[in-house]
Each structure stands twice: as structure tokens, then as C-alpha cells.
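Understanding the architecture of this molecule
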Amino acid sequence: RHANRTFLAWVGRESGELVGNARFYDLLPPGAKIYYETHYAPLLQMQGAVREIALELVRADSSRLPVLVNATLKRGATGLPHSIVISLFDGSERRRYERELMRARTDAEQRAAAAIALAHINEGVVLVDDDARIQLLNSAAEQLFSVESAEAAGLPLATICSDWQAVEGRIPVGKPNAQASPPVIIPLRLPNGQRWLAASGQATPEGLVYTLRDVTEERRLEHFRDDIVAIVSHEL
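Quick look at the structure, then. (Residues numbered from 1 in each chain as written. Predicted model: local features only at pLDDT ≥ 70, side-chain atom pairs only at ≥ 80, totals over all residues. Heavy atoms only, no water.)

1. Notes on the packing of aromatic side chains
- In this structure the tally under the stated criterion is four aromatic pairs.
- Pairwise contacts between aromatic rings join F24, Y25, Y36 and Y40 into one cluster. (Phe/Tyr/Trp six-rings, centres within 6.5 Å; stacked < 30°, edge-to-face > 60°.)

2. Structural notes on helix α3 (residues 30-47)
- Taking 1.5 Å as the rise per residue, α3 with 18 residues should run 26 Å; its terminal C-alpha atoms sit 25 Å apart, in good agreement.
- Of all the bends found along α3, the most pronounced is centred on Y36 and spans about 50°.
- Taken as a whole, α3 has its buried residues at A32, Y36, Y40 and L44.
- Contacts made by the buried residues of α3 are with β1 (49-58), β2 (64-75) and β3 (81-90).
- One or two residues past the end of α3 sits G48, with phi positive at roughly 85°. (Helix = DSSP H or I, 4+ residues; strand = E, 2+ residues; numbered from the N terminus. Expected span 1.5 Å × (residues − 1). Bend = angle between axes of the 7 residues up to and from the residue. Buried < 20%, exposed > 50% of the residue type's maximum accessible area, 1.4 Å probe, protein only. Contact = heavy atoms within 4.5 Å.)

3. Topic: the side chain of S200
- When you line up the elements, S200 lands in strand β8 (residues 193-204).
- When near neighbours in sequence (up to four residues on either side) are disregarded, S200 contacts I171, P172, S181, P182, P183, V209, Y210 and T211.

4. Observations concerning the environment of F89
- Mapped onto the elements, F89 comes out in strand β3.
- A relative accessible area of 44% places F89 in the partly exposed class.
- Each C-alpha atom of the pair F89 and V69 lies 6.7 Å from the other, and the pair is 20 residues apart in sequence.
- In contact with F89, other than residues within four places in its own chain, are W10, P66, V67, L68 and N70.

Right, here's the structure in full:
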């Protein structure tokens, strides 16, 4: 019966195309039409009004406009419905906000899951920025260096490991999105004594990730085995 200029501009149509020739229902995409029939229309009939129903309108160029719909059912003197007054609000910003919120929530959930997984890795994991300042230590790395991640954050890695600058250049670093480089065995003086670590690095957008695995006991067993073999060979 009537559509104001704002509505006509939103859907990209002339008044003559709609007034007396089309229903509000006709401007809905297939999915919204199903929702209209199963939820919107029954609620309107029962309650006489609906508030903030999220729908989409199909524009003349086939693009879609998200809208929030408020509708009131008007009844005549006999109590029978005779018209529906529909108020629409552009829902584009709200849709964008909801998507950003969902993206942020998904990102937070992924980070939380990654943090849980990282905490249970037996190898020490150290993330440093471009200035070699510590951004993160996982639980295994905290035990290796005898320092908590929160205390070490922002400090140069050499601050918590005096030998680091001497061995840093020997650690292979893989390029972003490339296969991880095989580790090398390096000695490090740590708070719990001299240790041998299998170390490798990987460049990422967030910084440089070092993976450190304590192989001191394995190395000691290898040397012990070599000594036994040498003694037996000499006796033979």
C-alpha cells in the first residue's frame, strides 16, 4: 500500500514497481521466506507484533540487504486484520559487528586450544620477536630456563641463557610455511647445570619459534655405550 523513499532506495526500486504490485514477502530470499512462513507470520498473528526479526531483502541488482524488522498487525473494528505496519532498520553494521565478534571469538578459542596443546608439549617452545625478545615460553621451556613466561616476556633470550648468543648462529631456522629444519645438538649452561639440547627454529608471522629438547641423558647413554663397545673391542 505504501513504501517510503528510504525503503525504495534500499531495495533499488520505484514506487510503482512495489505499491499495489508486490508483497513484503516477495522481496525476501528463499531462506528468509521459509523463516517468514514458519516464525514471523505465526508470531505476528498470535502476538500482534514482532520486534527485531533479522531478515534480508533482495535488491533490484540481486544483492542482499540485512535488515531488522519490527511489525505491528492492525485490526479493524470487527477484530479482523486489515494491514501490517513494518519498520525496517539497516542491519549491515550489526551484521558486520556480529561477524567480527564471531571471528574474534573463534580466534580466541583457537588460541586457547593452541595454548593448552602447547602447555602439554614435552619440548621447550620459545617465541621471540625480531629483536630476539621473548614473547612466550611454554611450560617445558619454563622448566628448562627456571623462569616463568610472564617474568621473561620482553627480555632478550640471552638474559635468561648466558650461552645463547654463542650458539644461536648454529641453530637452523626454517623459512615461513616451509618444512621444519632438522635440529642440531648444542650445549647450554642452564640453571640446573650443563645440558645438551636438540634445537631448531622456525620463522613465522608472529616471530621466530625455537624448539628445544633436552637430550642430555640420551647423549650420556650413547657415550656409555660407545665406551663399552670400545672396551669390549679392545679385550677381543
